[in-house]
Amino acid sequence: MDVALIGLASSGKTSLLKALAAGHLPAHSNPNEPTVAVVKVPDERLDRLATLVHARKTTYLELRLIDFPSFSVGKKGPPPQLLGELSTADLVVHVVHAFNDDSVPHPLDSVDPARDVTSLDLELCFADLAIVERRIERLTAEMRSVAAGARGAQERELALLNSLKESLESEQPLRSLGLSAEEQGMLSGFNLISAKPLLIVLNIDEADAGRTAEIEAEARGTYATAEQTSVIAVPVKGEADVAELSPEEAVEFRKELGLPDQPAAERLLQAAVTLLGLIAFYTAGEQDTRAWSIPAGTPAVKAAGRIHSDIERGFIRAEVIGWQELLDAGSHAEAKKRGTMRVEGKTYEVQDGDVINVLFNV
Ligand SMILES: Nc1nc2c(ncn2[C@@H]2O[C@H](COP(=O)(O)OP(=O)(O)O)[C@@H](O)[C@H]2O)c(=O)[nH]1
Ligand SMILES: [Mg+2]
């Protein structure tokens, strides 16, 4: 899954990438081109399972983070090439300059997160509007050569496109429309940017680190209200500085800087996974204890296919237990005795945090 970090100049995108991916960054990067880093999603549940089974290897979920060149807004909007590259991302993270530091001026001359969120969203809406209008034109032309009675599918698509056009013209990003799965399917080929889930990262002063919940709640109540939108306040500079330290030093420095005990990377990357509509299930083996991501609502047989196509094909049944229940029992054997381990069939809907052992036959 690809996560794009975007924002105005000096909002803290590159600093956030450092905070999230310290140690995994390319030595050199060109600020005019996207920089990519693959990061593991910290997961305490997985760590505890790995300890329980004495796993030799622990495999975390991974996300590809892409630090984009800065966006401009207004008369001279972002270049089409940048928008094109953004269109393949699965999640957009908008880093917003919400700190006060005279040595880092805001490109629009004042700190105003609500304005920044709205104006960047507007650029995404413009880009989508151009795509939707072009498609409407082409579809209308195509329909002329189809018999009036055989235009059902095209008429449905046209109706949907016209409703998108209307909402984009009134500056409503498409993610706020609550599109059905069927509608999303009809649009999947267009890679509309304002339809992607959005994580707003408010880059706040370290002095405000103790007020993150309050700052986030205020944003949620005012300008971050749309569906598929989350907001997280992070003192990015402090987090980036701490990310370069050893774990022991980091604990000490977090206290000194007044940063919360939980690193922002953990909270942010987990929020990203949730916004992507993904849940995690686990396999707890001595060789490798591992987290797997699947869309919420996935049946056990498909989840098994994430592990290996043979396991999907030869699926017999799955032994399933919640991660906490397994930790409480202390071992698979004890869980079986207690009756907390269940046996499920192909259609069982896998739940977030399930630990699964698939019995299969190929
Ligand atoms: N005081 C302060 N400075 C910051 C913060 N975040 C970023 N900066 C500084 O702002 C400048 C631009 O940051 P950078 O991450 O390169 O921004 P980008 O243009 O969005 O990639 C750098 O000098 C950072 O040290 C912050 O939270 N507080
Ligand atoms: Mg940068």
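Nothing here was measured: the structure is a model prediction, and the numbers come from that model. (Residues numbered from 1 in each chain as written. Chains lettered and ligands numbered in written order. Predicted model: local features only at pLDDT ≥ 70, side-chain atom pairs only at ≥ 80, totals over all residues. Heavy atoms only, no water.)

J.: Give a description of the overall build of the chain that names residues and reports values.
T.: From N to C terminus, the chain includes 14 helices and twelve strands. Taken over the C-alpha atoms alone, the chain extends approximately 65 × 65 × 40 Å along its principal axes. Working note: accessible area of the chain is about 18,200 Å², and carbon and sulfur atoms make up 50% of it. Of the charged side chains in the chain, 36 are positive and 55 negative; the average position of the first set lies 7 Å away from that of the second. (Helix = DSSP H or I, 4+ residues; strand = E, 2+ residues; numbered from the N terminus. Areas by Shrake-Rupley, 256 points an atom, 1.4 Å probe, with all protein chains shown as cover. Lys, Arg positive; Asp, Glu negative; His and termini not counted. Charge placed at Lys NZ, Arg CZ, Asp CG, Glu CD.)

J.: Tell me what's going on with the layout of surface pockets, and back it up with residues and numbers.
T.: Regions of empty space are outlined by a rolling probe, equal in size to a water molecule, passed over the atoms. Taken as a whole, the largest pocket holds about 560 Å³ of empty space. Residue lining of the largest pocket: 18 residues in total, with Gln184, Ala195, Lys196, Pro197 and Gln228 positioned closest to the centre. In terms of residue class, the lining of the largest pocket is made up of ten nonpolar, five polar and three charged. Computed from the structure, the second largest pocket encloses a volume of approximately 350 Å³. Taken together, 17 residues make up the lining of the second largest pocket; nearest its centre are Ala19, Leu20, Ala243, Pro263 and Ala265. For the lining of the second largest pocket, the secondary structure elements donating two or more residues are α1 (13–21), β2 (35–40), α8 (236–243), α9 (247–257) and α10 (264–275). (1 Å grid on protein atoms, 1.4 Å probe; cavity = no way out; pocket = protein on both sides within 12 Å on 5 of 7 lines; lining within 4 Å. Points joined across faces, edges and corners; volume = space filled by probe spheres on them. Nonpolar A, V, L, I, M, F, W, Y, C, P; charged D, E, K, R; others polar.)

J.: Give me the lowdown on the packing of aromatic side chains, citing residues and values where you can.
T.: Applying the stated criterion across every chain yields a total of one aromatic pair. Their ring planes at 15° and their centres at 6.4 Å tell us that phenylalanine 281 and tryptophan 292 sit as a pair that is stacked. One end of the pair, phenylalanine 281, is in strand β8 (residues 278–284); the other, tryptophan 292, is in strand β9 (residues 289–295), and eleven residues separate them in sequence. Classification of phenylalanine 281 as buried rests on a relative accessible area of 1%. One Lys or Arg, arginine 290, reaches over the ring of tryptophan 292 and ends 4.0 Å from the middle of that ring. (Phe/Tyr/Trp six-rings, centres within 6.5 Å; stacked < 30°, edge-to-face > 60°. Buried < 20%, exposed > 50% of the residue type's maximum accessible area, 1.4 Å probe, protein only. Lys NZ or Arg CZ within 6 Å of the ring centre and 35° of its normal.)

J.: Explain the site of ligand 1 to me, and be specific about the residues and the numbers.
T.: Around ligand 1, the structure places 14 residues, and the nearest of them are Lys13, Thr14, Ser15, Asp101 and Asn203. Serine 15 is positioned such that a nitrogen or oxygen atom in its side chain is 2.5 Å from an oxygen atom of ligand 1. A distance of 2.8 Å is found between a nitrogen atom of ligand 1 and a side-chain nitrogen or oxygen belonging to aspartate 101. The fraction of the free accessible surface of ligand 1 (580 Å²) that becomes covered by protein chains is 74%. (Near = heavy atom within 4 Å. Polar contact = N/O pair within 3.5 Å; in protein donor to acceptor, adjacent residues only side chain to side chain.)

J.: Before we move on, can you summarise the packing of α1 against α8 with the specific residues and values?
T.: Interhelical geometry of α1 versus α8 gives an angle of 40° and a closest axis separation of 8 Å. With respect to α8, the axis of α1 lies oblique. When you trace α1 past α8, the crossing you get is left-handed. Residue-level inspection shows Ser15, Leu16, Lys18 and Ala19 of α1 in contact with α8, the latter providing Val236, Glu239, Ala240 and Ala243. The class makeup of the residues in the contact of α1 with α8 is five nonpolar, one polar and two charged. (Axes fitted to C-alpha atoms, helices over the stretch in contact; angles between N-to-C directions. Parallel < 35°, antiparallel > 145°, perpendicular 65-115°, else oblique. Left-handed = near helix turned anticlockwise from the far one by under 90°. Contact = heavy atoms within 4.5 Å.)

J.: Describe the pairing of strand β7 (residues 229–234), listing the residues and the values that go with them.
T.: Side-chain direction in a regular strand flips from residue to residue, so the side chains alternate between the two faces of the sheet. Among the six residues in β7, five count as buried, and that is most of the element. Bridge count for strand β6 (residues 198–203) against β7 is six bridges, and the pairing is parallel. Its bridge partner lying in β7, leucine 198 is registered against threonine 229. Between β6 and its parallel partner β7, the chain crosses via helix α7 (residues 212–222), and the hand of that crossover is right-handed. (Pairing = 2+ DSSP bridges. Right-handed = clockwise from strand over helix to strand, strands pointing away.)

J.: Give me the lowdown on the nonpolar core, citing residues and values where you can.
T.: Of all hydrophobic cores here, the largest spans 45 residues; its most connected members are Leu16, Leu63, Val93, Leu199, Leu268 and Val355. In terms of residue count, α10 provides more of this core than any other element does, eight residues in total. In this view, leucine 16 contacts Leu5, Val93, Val95, Val201, Val236 and Leu268; residues no more than four positions away in its chain are not counted. (Core = buried A, V, L, I, M, F, W, Y, C linked by side-chain atoms within 4.5 Å.)

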